[in-house]
Each structure stands twice: as structure tokens, then as C-alpha cells.
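Reading the structure
This is what each chain is made of:
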Amino acid sequence: MSNYWPIALFFVIVIGFALTSLGLSRLLAPNRPNRVKNETYESGIAPVGEAQQRFDIRYYTIAMLFVLFDIEAVFLYPWAVVYDVIGIYGFVEMLLFIVLLLAAYAYAWRKGALDLG
Amino acid sequence: MAEFLITLLKIFIVFGAVLGAMAYMTYFERKVLARMQARIGPNRVGPWGLLQPVADGVKLLTKESPIPANADKWVYLLAPVLVFVPALLVWAVIPFGPGFTAFGERISQSIANINVALLYVLAMTSVGVYGIVMAGWASNNKYALLGGLRSSAQVVSYEVTLGISLIGAIMLAGSMNLGDIVEAQRGTWFGFLPRWFVLPQLLGFALYLISAVAETNRAPFDLPEAESELVAGFHVEYGGFGFAMFFLGEYISMLAVSALASAVFLGGYLGPTIPFVPAALTGVFWFAAKMAIFIFFYYWLRATLPRFRYDQLISLCWKVMLPLALLNILVTAIVKLLV
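Here is what the cut-offs are and how they apply
- Residues numbered from 1 in each chain as written.
- Chains lettered and ligands numbered in written order.
- Predicted model: local features only at pLDDT ≥ 70, side-chain atom pairs only at ≥ 80, totals over all residues.
- Heavy atoms only, no water.
- Helix = DSSP H or I, 4+ residues; strand = E, 2+ residues; numbered from the N terminus.
- Rg over C-alpha atoms; globule rule 2.2 N^0.38 Å.
- Buried < 20%, exposed > 50% of the residue type's maximum accessible area, 1.4 Å probe, protein only.
- Areas by Shrake-Rupley, 256 points an atom, 1.4 Å probe, with all protein chains shown as cover.
- Expected span 1.5 Å × (residues − 1).
- Bend = angle between axes of the 7 residues up to and from the residue.
- pLDDT = per-residue confidence, 0-100.
- Axes fitted to C-alpha atoms, helices over the stretch in contact; angles between N-to-C directions.
- Left-handed = near helix turned anticlockwise from the far one by under 90°.
- Contact = heavy atoms within 4.5 Å.
- Nonpolar A, V, L, I, M, F, W, Y, C, P; charged D, E, K, R; others polar.
- Buried area = accessible area lost by both parts, 1.4 Å probe.
- Salt bridge = Lys/Arg side-chain N within 4 Å of Asp/Glu carboxyl O.
- Core = buried A, V, L, I, M, F, W, Y, C linked by side-chain atoms within 4.5 Å.
- Phe/Tyr/Trp six-rings, centres within 6.5 Å; stacked < 30°, edge-to-face > 60°.

Turning next to the overall build of chain A. When helices and strands are tallied, chain A shows 3 helices and 0 strands. For chain A, whose C-alpha radius of gyration is 25 Å, the value lies well above the compact-globule estimate of 13 Å for 117 residues. Oriented by its inertia axes, the alpha-carbon framework of chain A measures out at about 70 × 50 × 15 Å. Buried positions account for 33% of the 117 residues belonging to chain A. Accessible area for chain A stands at about 7700 Å²; split by element, carbon and sulfur atoms hold 70% of it.

Here is the structure:
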């Protein structure tokens, strides 16, 4: 783990920079709020209703697919690193895994989960 | 203690260089776009308009940024920080050169030399999505919500192909450490072709390039911002330095994916030696030159191509790019078994 502390240090410095500059802009910039200025922008008309409402279910399907395939990618990474060592055995293993995943992928495609529009 | 100070110095150099490069990327973008549209571009502030980024920065710092009355205040304020911080943290693992020896100590030219560098980069780019979702939701603005949803779906979709397109190169190098990946590309094929992974991984490179443009929400995949329909998408309610943070995050991400493309596919800091210049500096020079090519490519795309339709964008990712990326891995695996 000794290689990781520079990242932590970098993180602290970056966060520090972000918060200081935001604070600095609060200090330097004028702040004269009024009711009309603080309304949300809706093409110049008075905003109608709340914006935080239900939205299309299809965004959830995309998110689910993402979880599925991103985990696959994470699984493929260590496999790719040691591929030279495991050879044909690793190849067959991964082929089986991907074929199983492709079956689910084909199902999702047929069901129209990949269509937005 | 010496190690701590050296790391601190490296952090400040990288931090300054990335922010400086980002500032002049905006200038470069405006100049390139202007020339492509037969205009001149910024030329009023300083010689050849060179001080334009400074003027922009000062202006953004001193602008009033009202918080919308029915926004979730703290989420709204946190979102830009969450876009900016991970974009910059990616730079911790990028190797800028082969390293050098000074005062009897071996100094590597990256902030942190970790063996899961590529995985770390992907993890950091994922965190950026939270900032986008939070900004879109917390603004309580209909345009922002639509932009935030579109953007998050787009970014997570293309993150899958971005990650999978890199796997072929990892298989060739046998490592996730970016320094090792660059070193694996040293030397030449047939005596004249550089051993860059772009040649054996041409498909992977093409997929990476498309994913990278989509991942950073740039034209022709800039739907979340789509100024003509969504009036800027998820950051419509932001002004002043909150807006600047989003802007910084976007440009630093562009630079980061360009750095990654150079390191993984174009041999990173490798290049012909320049006489009388130490290897550590030529490395930085070649690396920067390769990144500049990608940045120029970004601007060229923006000047040339019209915007995609949203359903086309998502279908392209899931129906074309994902199968091709898996095919790329399969072909690489078979070729590696045979050779």
C-alpha cells in the first residue's frame, strides 16, 4: 500500500484547491439575490411546477446494463494481465463466461432494452 | 522526508501544468474553431489574444452566482467539486517520462506508481458521473434534469466500451501499470515501425477514441449540453466559479483521456531522442506532442460533425461498439494463443 499515499496527498490538495477557489469567488463576487433572480431558468417564463419528478424507466435499464457489463470489464482486467500465464485454459474459461453474458445481452436486445427513442 | 517533499513537488508541477494546459486548451480551441470557420478568434486581450484565458478566469471568479430558490442547496454546491476533483485525480498515475536519477536517487515521472493504474483511471472517471447526476437533479430545473439524465446514461454506456477497448492493449503488455504499458511499446517492428499498440490494436484504438469523445461529452456526442435544445443541460443553473468547475472538469478529462490514449496506444513518452536534451525532458515533450494531436482532433470533430440524435448515440454504444470491443478481445486472445 506504500505506493498509494501520494494519491491521498494529491486528493487533499485538489479538494483544498476546489474549496478555496469556490470560497474565494464567494468573497470576491457580488451577492445581491432577489426573488426573480433566484427563480429557476425556464426560457424566460415563470417556472411551472417542480422539476424533480418521475422520469423515463429506460434510463434505469441502461444503468442496469452498465452495472452488468462494467463488472464484466472489471473481471476481464486481471484476466488480461495474467493471460500469458493461463493460456488456453484461461481462454476457454473466459469464452464460456462471455457466451453466458452474451445470451443475456441477446435477450435484452430482443426485449428492446437497448432502444431509446 | 525527502520522498515526501519530492512527491509534494511532483504534485504541484502536475497540478500547475494540467491547469495551465487546460487554460490554453480553451484558447487553442477558440483559435482552431475560428480558423476552421474563416474567422480570427480571440485577439484583443494581450498579444494575439494570449491573455484571454486569464481574463476569462478572473471574470468567472468575480461573477455573482445566485443559488436557485428551490434547489437542494448543499447537493447543488457539491456537484461541481465532484466533477472537478476526480478529473484531476486521474493525473496521479500518468507517467510523463521514463524517470531519471538525481542526487543519487531514482525519481519516477509520475505522482504514484501503482500496479492497477488503468483500473484506477476507470474508477476515477466513474466518480465524475455522480457530479453530473447531482447537478442535474439538485438544480430543480427541467432542462438540467433532462441534461443530467442524458449525460449520465451516455457516460455510463460509453464507460463500458472505454474500459473494454483497453483490454486488448493490457493483454499485449501483460500489465495494468501505465509505465509498464509504455515500456512494452519500446523498440521497432521490422526495424522501422514503432512497436506502438495502435498497430496491433487498431480496432481497440478506434473504439477507445469514439468512447473517449462520448465519455467527455464532446461534439458530436455533446447531447447533454446541446445548447440549441437543452440550453446547456445539467449546468444550466450554474454561474461563476461553479460553472468554471464543470468547465475545468470537462477540459481536464479531455486532456486525461488524450494522455491515456497516448500512453496506451501511441507509446506515451517514447520518441526519437533529441540531441543535448536529457531523456526525461524529451519524454515530456513527446508525450505533450501526442496529447496535442488528440486535442486538435477533438476540435476538428467539433468543427466538422453535426450532433447525433440521442437514441442513435445509445444504440451505437450498445449495439455496435460493445460487440466490436468483445470481438477485439477475442481476436487478440486467439492471436496470442497462436503466436
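Along its 29 residues, helix α12 (residues 310-338) of chain B runs 41 Å from first to last C-alpha, staying within 8% of the 42 Å computed at 1.5 Å per residue. A bend of about 35° at B:Met321 is the largest found in α12(B), and the proline B:Pro323 appears one to four places after it.

What follows deals with helix α4 (residues 117-138) of chain B. Residues lying three or four places apart along an α-helix face the same way, a consequence of the helix completing one turn every 3.6 residues. Between its first and last C-alpha, α4(B) extends 33 Å over 22 residues, near the 32 Å set by a 1.5 Å rise per residue. B:Asn140 lies just past α4(B) and shows a positive phi near 55°.

Moving on to the confidence of the model for chain A. Taken over all residues, the pLDDT of chain A has a mean of 83, while the share at 70 or more is 97%. Ranking the helices and strands of chain A by mean pLDDT puts helix α1 (residues 5-28) of chain A first, with 88, and helix α2 (residues 58-81) of chain A last, with 85.

Of all residues except glycine, most have a negative phi; of all peptide bonds, most are trans. All names here are of chain B. The phi dihedral of Trp48 is positive, around 50°, even though this residue is not glycine. With respect to the helices and strands, the residue Trp48 is situated in the loop between α1 (2-36) and α2 (52-61). The backbone of Asn217 shows a phi angle near 55°, a positive value even though the residue is not glycine. As for its position among the elements, Asn217 is in the loop between α8 (202-215) and α9 (227-230).

Turning to the packing of α1(B) against α2(B), a few remarks are in order. All names here are of chain B. Following both chains from N to C, one finds α1 and α2 inclined at 115°, their axes separated by 8 Å at the closest point. Note on packing geometry: the crossing formed by α1 with α2 is right-handed. Along the contact surface, α1 presents Ala23, Tyr24, Thr26, Tyr27 and Arg30, while α2 presents Gln52, Pro53, Val54 and Asp56. Among the residues forming the contact of α1 with α2, the class breakdown is 5 nonpolar, 2 polar and 2 charged.

At the junction of the two partners, chain B supplies 83 residues and chain A supplies 67 residues. Summed over both partners, the interface of chain B with chain A buries about 6600 Å², with 73% contributed by carbon and sulfur atoms. Taken together, the connections running from chain B to chain A amount to 1 salt bridge. Its salt-bridge partner being B:Lys336, residue A:Asp84 comes within 2.6 Å of it at the nearest N-O pair. Of all the secondary structure elements, the ones that give two or more residues to the side of chain B that touches chain A are α1, α3 (73-89), α4, α5 (142-165), α6 (167-173), α10 (240-265) and α12 of chain B. Top element by residues in the side of chain B that touches chain A is α12(B). It accounts for 15 residues. Across the side of chain B that touches chain A, the residue classes break down as 57 nonpolar, 15 polar and 11 charged.

A separate point is the nonpolar core. In terms of nonpolar packing, the biggest core is built from 138 residues, with A:Phe10, B:Phe84, B:Trp91, B:Ile252 and B:Trp318 touching the most fellow members. Looking at this core, the element that brings in the most residues is α10(B), giving 17 residues. Setting aside its immediate chain neighbours within four residues, B:Phe84 contacts A:Val14, A:Phe17, A:Ala18, B:Leu19, B:Met245, B:Leu248, B:Gly249 and B:Ile252.

Residues and elements named next belong to chain B. Mapped onto the fold, Leu207 is located in helix α8. What makes Leu207 buried here is its relative accessible area of 4%. For the pair Leu207 and Val320, spaced 113 residues apart in the sequence, the C-alpha separation amounts to 10.0 Å. Leu207 has contacts with Ser165, Met321, Leu324 and Ala325, leaving out every residue within four places of it along the chain.

Before going further, it helps to examine the packing of aromatic side chains. Residue and element names in this part refer to chain B. This structure, assessed with the given rule, holds 24 aromatic pairs over all chains. Relative to Tyr299, the ring of Phe28 lies with its centre 5.6 Å away and its plane at 65°, an arrangement referred to as edge-to-face. Taken together, the positions of Phe28 in helix α1 and Tyr299 in helix α11 (residues 279-304) put the pair 271 residues apart, joining distant regions of the chain. For Tyr299, a relative accessible area of 0% gives the class buried. With a centroid separation of 4.3 Å and an interplanar angle of 10°, the aromatic rings of Tyr76 and Tyr238 are classed as stacked. Here the residue Tyr76 occupies a position in helix α3, and Tyr238 occupies one in the loop between α9 and α10, the gap between them amounting to 162 residues.

A word on the pattern of salt bridges. Residues and elements named next belong to chain B. For the coordinates displayed, the defined rule picks out 7 salt bridges over all chains. Between Glu183 and Arg186 there is a salt bridge; the shortest N-O distance is 2.7 Å. Overall, Glu183 belongs to the partly exposed group, its relative accessible area being 33%. Taken together, the salt bridges that share partners define one network made up of Glu29, Arg218, Glu250 and Arg302.

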